[in-house]
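# Coordinates in review
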Amino acid sequence: MGIEQGKISNRQALLLICNSILASMILISPALLTQEAGQDAWISILIAGVLGVLMGILVISLGLRFPQKNLVEYSIELLGPWLGKAVCIIFALFFLYLTAYLIDSFSALLITETKPETPIVVLNIFLIILVAYGVYLGLEVFSRVNEIIFPIFIVVFLFIFCLAVPEMDFEQLKPIFTHPPSHILWGSLILFSFYAEGAFILMLIPSLRESSGVRKIAGTVSVILTVVMLIDVVGLIALFGSQETARMAFPSFELAKTVHLGGFLERIESLVVGIWVGSVSLKIMAFYYVSVLTFAEVFNLKDYRPLVLPYAIILVVLSIIGWENTTHINIFLSRYYPLLAVTVLAGLTLLLYLVFVGRKSGNKGGKVK
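Because the structure is predicted, anything quoted here is derived from the model rather than measured.

Attention now moves to the environment of Gly6. Residue position: Gly6 is located in the segment before α1 (10–37). Take Gly6: its relative accessible area is 10%, and that puts it in the buried class. Taking C-alpha positions, Gly6 is 9.5 Å from Pro206, a pair spaced 200 residues apart along the chain. Apart from residues lying up to four places away in sequence, Gly6 is in contact with Glu140 and Ser207.

Next up on the list: the nonpolar core. Ranked by internal contacts, the top residues of the largest apolar core, which has 135 residues, are Leu22 and Tyr288. For this core, the element with the most residues is helix α11 (residues 269–298), which contributes 18 residues. Not counting residues up to four positions away in its chain, the partners in contact with Leu22 are Phe150, Phe153, Ile154, Leu225, Val228 and Met229.

This paragraph deals with helix α3 (residues 71–79). Those residues of α3 that sit buried are Leu71, Val72, Tyr74, Ser75, Leu78 and Leu79. Here α3 starts with a cap whose side-chain oxygen sits 3.1 Å from the backbone nitrogen of Val72, and that cap is Asn70. Gly80 sits one or two residues past α3 and shows a positive phi near 95°.

What follows deals with the side chain of Thr99. Here Thr99 is to be found in helix α4 (residues 81–113). Take Thr99: its relative accessible area is 1%, and that puts it in the buried class. Here Thr99 is in contact with Ile284, Phe287, Tyr288 and Leu315, once residues within four sequence places are set aside.

Moving on to the packing of α1 against helix α7 (residues 181–196). Two elements in contact, α1 and α7, have axes separated by 10 Å at closest approach and are oriented at 170°. When the interaxial angle is binned, α1 and α7 end up roughly antiparallel. Of α7, the residues touching α1 (which contributes Ile21, Ser24, Met25, Ser29, Leu32, Leu33, Glu36 and Ala37) are His183, Ile184, Trp186, Gly187, Ile190, Leu191, Phe194 and Tyr195. A class-by-class count of the residues in the contact of α1 with α7 yields 11 nonpolar, 4 polar and 1 charged.

Okay, the packing of aromatic side chains next. Evaluation of the coordinates by the stated rule reveals 17 aromatic pairs. Ring plane angle 70° and centroid distance 5.5 Å describe the contact between Phe200 and Phe287, whose orientation is recorded as edge-to-face. Of this pair, Phe200 sits in the loop between α7 and α8 (215–240) while Phe287 sits in helix α11; the two residues are 87 residues apart in sequence, bridging distant segments of the chain. Taken as a pair, Phe200 and Phe287 share a single burial class, namely buried.

Following Lys174, the chain continues to Pro175 via a peptide bond in cis, the omega torsion being -10°. In this structure, Pro175 sits in the loop between α6 (139–164) and α7. Even without a glycine there, the phi angle at Asn300 is positive, about 60°. Position of Asn300 among the secondary structure elements: in the loop between α11 and α12 (308–321). A relative accessible area of 60% places Asn300 in the exposed class.

Thresholds applied
Residues numbered from 1 in each chain as written. Predicted model: local features only at pLDDT ≥ 70, side-chain atom pairs only at ≥ 80, totals over all residues. Heavy atoms only, no water. Helix = DSSP H or I, 4+ residues; strand = E, 2+ residues; numbered from the N terminus. Buried < 20%, exposed > 50% of the residue type's maximum accessible area, 1.4 Å probe, protein only. Contact = heavy atoms within 4.5 Å. Core = buried A, V, L, I, M, F, W, Y, C linked by side-chain atoms within 4.5 Å. Polar contact = N/O pair within 3.5 Å; in protein donor to acceptor, adjacent residues only side chain to side chain. Axes fitted to C-alpha atoms, helices over the stretch in contact; angles between N-to-C directions. Parallel < 35°, antiparallel > 145°, perpendicular 65-115°, else oblique. Nonpolar A, V, L, I, M, F, W, Y, C, P; charged D, E, K, R; others polar. Phe/Tyr/Trp six-rings, centres within 6.5 Å; stacked < 30°, edge-to-face > 60°.

What follows is the structure in structure tokens.
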């Protein structure tokens, strides 16, 4: 058991993983998917869902091999002190970079849709202060908040889509299989890169109150994410068409702007923005927390909290210099991020699992002799 002594339930872990993948995926990925696969984007979602189940099984299987140890502890055990720590530093740097990207992209949404005259650095700083405070309070605190926010997020999402159904034309999903398989597969890889972010749980498995039922988390998370994304993307294509959806920066938010009920329910996007601020903030908290916790474990610190403030300063700088605008963010997401996420998260997880299996087989062979 490492630095973190807080405990969360399996339900809290499940909701935290779901929110930490879905909060930005539902906001950004529909445009990227329709750019690649058009009205066939739903096929990409199904393929990504299968890959997500496999990734989840791999992550949970590795973590349960060392139920009382976090990623840093068993990486050092499997790979040795130098290589093991190097792998974990790559893991921590990835989530540092991802956190900076999330801060910048969400601030871009707020500026584009609600606060066009606000300098992005101001929103970045306010968001970083908020998430740094949550990280300082610890895993138990923001996990409990997420237990409230995420169900509200899902209910509001379903409510909005129910209101938009009468205006949808599902004939816009036809014809099917009109795009090249390579485009459909690349779309699924883009979406799978979001699923792969769930590997952050490798640092938190020792913090679960009970290990029984943990294996069910992988399948449950994948089902929830796949169903929500299918509803989202199919609804967007039916409402706007695949070409118009592909041109939008944040299609799901644009859908919320079109929804109204009679003459008394208007401007529902203000409610959506408020919920998304909470949801995305909790996602950033989870990744921020895992990154600082990993660095603290690597360098044998007694507590991760002294790193929270320096981390916040680094994030302010990275979020400002990393991406110029939403166009650059989309290029990064659609061309570079899928390969980066698969290489770092899926690749390192698979490496550790294969080393574990190899050592286990070697030990059995030695006993036979």
